[in-house]
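Inside the fold
Here are the chains, one letter per residue:
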Amino acid sequence: MERAGVDVLLVSVGSDLPYLTGYEAMPLERLTMLVVPRDGEVTLVIPALEAPRVMEQPGVFTLRPWGELDDPVALVAGLLPSPQVAAVGDTMWARFLVELLGHWPSSATQYVRSTTVMNDLRMRKDDAEIAALQAAGAAIDRVAAQLHAGEVPLVGRTEAQVSADLSRRILAEGHQSVNFAIVAAGENAASPHHHAGSRVIREGELVLCDIGGTMDGYCSDITRCVHTGPVSAEIAEAYAVLHAAHAAGVAAGVVGAACQDVDRAARKVIADAGFGEYFIHRTGHGIGMEAHEDPYMVEGNTLPLAAGHAFSVEPGIYLPGRWGMRLEDIVVATDDGPLSMNFVDHSLVVVN
Ligand code: ZN
Ligand code: ZN
Ligand code: ZN
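Quick summary incoming for the structure in this document.

Definitions and cut-offs
Residues numbered from 1 in each chain as written. Chains lettered and ligands numbered in written order. Predicted model: local features only at pLDDT ≥ 70, side-chain atom pairs only at ≥ 80, totals over all residues. Heavy atoms only, no water. Donors = N, O, S within 2.8 Å, 3.2 Å for Na, K, Ca; no water. Helix = DSSP H or I, 4+ residues; strand = E, 2+ residues; numbered from the N terminus. Tetrahedral: all angles 85-135°; square planar, octahedral: opposite > 155°, others 65-115°. Buried < 20%, exposed > 50% of the residue type's maximum accessible area, 1.4 Å probe, protein only. Polar contact = N/O pair within 3.5 Å; in protein donor to acceptor, adjacent residues only side chain to side chain. Contact = heavy atoms within 4.5 Å. Pairing = 2+ DSSP bridges. Axes fitted to C-alpha atoms, helices over the stretch in contact; angles between N-to-C directions. Parallel < 35°, antiparallel > 145°, perpendicular 65-115°, else oblique. Left-handed = near helix turned anticlockwise from the far one by under 90°. Lys, Arg positive; Asp, Glu negative; His and termini not counted. Salt bridge = Lys/Arg side-chain N within 4 Å of Asp/Glu carboxyl O. Nonpolar A, V, L, I, M, F, W, Y, C, P; charged D, E, K, R; others polar. Phe/Tyr/Trp six-rings, centres within 6.5 Å; stacked < 30°, edge-to-face > 60°. Lys NZ or Arg CZ within 6 Å of the ring centre and 35° of its normal.

Let's talk about the coordination of the zinc ion (ligand 3)
Binding of the zinc ion (ligand 3) to the protein goes through His243 (NE2) and His346 (ND1), at separations of 2.0 to 2.1 Å. Placement of the pair is His243 in helix 7 (residues 233–251) and His346 in the loop between strand 17 (337–340) and strand 18 (349–351), with a sequence separation of 103 residues.

Shown next as structure tokens:
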């Protein structure tokens, strides 16, 4: 905070709060806010009815419960004199910030994003966090392996039914919540974030499954494509390009490389094969307590990768109206090179 010139950090619902305190606030209208002055006591302002769920941690933070008739924003503003620079969490509700502006007007207080303080901490995963990502990766790998083994029936079911099946398996393998279970068959796979719907999966088509959940606070995220019946030469050739692009992206994820280098490495393989215009998104996103967080593997991001940075490598090729494919693993940059969190076969597996 001193380096960033921030006088107070205000963290509400979102991942910064559990990252700092171990407590995850319910995303509800009653204000929960951790108030971290640069100098002085840290206070967790919390609805009185939620207070029993939090353990006060003397020396770290004290609790300040508020009752139903109190004005919690006034309470926050009263904890310290009007600051020059306040860093506010990205996912604090706008209503609280608007009310706070009534106490600390923007003419006197400059508001900045909490990322100025939190990003460095959040991006560099420590050993315990990497272990959590590995455990979540192993859990989602088990679901992907079941898909590859043909244990998840596809042909004759709708995308939505398969999505529900995969969601149950995500939970059964140890996640506490499902973040997404994208199932896109045939031409639907050309839409990267397709919402699994009523389309029935047929024989002889590619089915893209992008699944992930949260396990003990950390996220998993994997994409595998399977094919129902024999694969056409066109799809096999494109998939070979995709696989090579994925490998190039992972290999580029070394400490010191710029985030955009990961994107460039994967994109070059796809562009060189003539599919450049069909790779319509960045190569990856950071991952940790949030499914998408900094750093992003995208052109223009010159941030050097550091040991502990965790991110997805997920190139795709999408031919509108015809088919789409994507291959995704989570990778952690380490001093010994890129460390994958996923170990499921990368090939386009034929299932029935
Ligand atoms: Zn994904
Ligand atoms: Zn992803
Ligand atoms: Zn591979």
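What to know about the coordination of the zinc ion (ligand 1)
Summarising the metal site, the zinc ion (ligand 1) is bound by the protein donors Asp210 (OD), Asp210 (OD), Asp221 (OD) and Glu328 (OE), whose distances to it range over 2.0 to 2.5 Å. The site at the zinc ion (ligand 1) holds 4 donor atoms, and with the angles between them running 56 to 150 degrees, its shape is irregular. Between consecutive donor residues of the zinc ion (ligand 1), the sequence gaps follow D-x10-D-x106-E. Between the zinc ion (ligand 1) and the zinc ion (ligand 2), a spacing of 3.1 Å is present, and a bridge between the two is formed by Asp221. Of this pair, Asp210 sits in strand 8 (residues 206–215) while Asp221 sits in the loop between strand 9 (218–219) and strand 10 (222–228), and the two are 11 residues apart along the sequence. Under the relative-accessibility criterion, Asp210 is labelled buried at 4%.

Considering the side chain of Ser12
Take Ser12: it is sitting in the loop between strand 1 (8–11) and helix 1 (16–21). According to the relative accessible area criterion, Ser12 is buried, its value standing at 4%. Engagement of the side chain of Ser12 in a polar contact is seen with the backbone oxygen of Thr32, the distance being 2.7 Å. Not counting residues up to four positions away in its chain, the partners in contact with Ser12 are Leu17, Leu31, Thr32, Met33 and Met92.

Re the sheet that holds strand 2 (residues 33–37)
Here 6 strands make up an open sheet; going across it, the order is 4-3-2-1-5-6 and the pairing mixed. A single partner strand is all that each edge strand has here, and the edge strands are strand 4 (62–66) and strand 6 (110–113). Adjacent strand axes in the sheet meet at a mean angle of 25 degrees when their direction is disregarded. Bridge analysis of strand 3 (residues 43–47) against strand 4 gives 5 bridges, and the strand direction is parallel. Bridging from a neighbouring strand, Thr43 pairs with Thr62 of strand 4. Where helix 4 (residues 115–123) meets the sheet, it contacts strand 1, strand 5 (85–88) and strand 6, and its direction lies at approximately 20 degrees from that of strand 6.

Details of the packing of helix 5 (residues 127–148) against helix 6 (residues 159–172)
Running from N to C, helix 5 and helix 6 cross one another at 140 degrees; their axes reach a closest spacing of 9 Å. Between helix 5 and helix 6, the crossing angle belongs to the class labelled oblique. Taken as a pair, helix 5 and helix 6 cross one another with a handedness that is right-handed. Contacts from Ile140, Val143 and Gln146 in helix 5 reach Leu166, Arg169 and Ile170 in helix 6.

Thoughts on the side chain of Glu328
Inspection of the secondary structure assignment puts Glu328 in the loop between strand 15 (323–326) and strand 16 (329–334). Arg326 provides the closest opposite charge to the buried, unpaired Glu328, separated from it by 4.8 Å. Those residues in contact with Glu328, other than ones at most four positions away along the chain, are Asp210, Asp221, Ile222, Thr223, Arg224, His246, His285, Ser312, Val313 and Glu314.

A few points about the packing of helix 7 against helix 8 (residues 259–272)
Direction vectors running N to C along helix 7 and helix 8 enclose 160 degrees, while the axes themselves pass 8 Å from each other. It follows from the interaxial angle that helix 7 and helix 8 lie roughly antiparallel. By crossing handedness, the relation of helix 7 to helix 8 is classed as right-handed. Of the residues in helix 8, those in contact with Val241, Ala244, Ala245, Ala248 and Gly249 of helix 7 are Val262, Ala265, Ala266, Val269 and Ile270. Looking at the contact of helix 7 with helix 8 residue by residue, the class counts come to 9 nonpolar, 1 polar and no charged.

Here's the deal with unusual backbone geometry
Each neighbour pair has its own omega, and for Asp294 with Pro295 the value is 0 degrees, a cis peptide bond. Secondary-structure assignment places Pro295 in strand 12 (residues 293–297).

Some remarks on the packing of aromatic side chains
The tally for this structure, following the rule as stated, stands at 1 aromatic pair. Positioned over the ring face of Phe279 is Arg267, at 4.0 Å from the centre of the ring.

What about the pairing of strand 1?
Side-chain alternation along strand 1 places Val8 and Leu10 on one buried face and Leu9 and Val11 on a second face that is also buried. Here 3 bridges tie strand 1 to strand 5, and the two strands are oriented parallel to one another. In the sheet register, Leu9 faces strand 5, and the bridge partner there is Ala87. In this sheet, strand 2 lies alongside strand 1 in antiparallel orientation, the contact comprising 4 bridges. Bridge pairing links Val11 to Leu34 in strand 2.

Remarks on the pattern of salt bridges
Scanning all chains against the criterion turns up 21 salt bridges. The residue Arg113 makes a salt bridge to Asp90 at a minimum N-O spacing of 2.7 Å. One end of the pair, Arg113, is in strand 6; the other, Asp90, is in the loop between strand 5 and helix 3 (94–101), and 23 residues separate them in sequence. The class for Arg113 is partly exposed, based on a relative accessible area of 48%. A relative accessible area of 47% places Asp90 in the partly exposed class.

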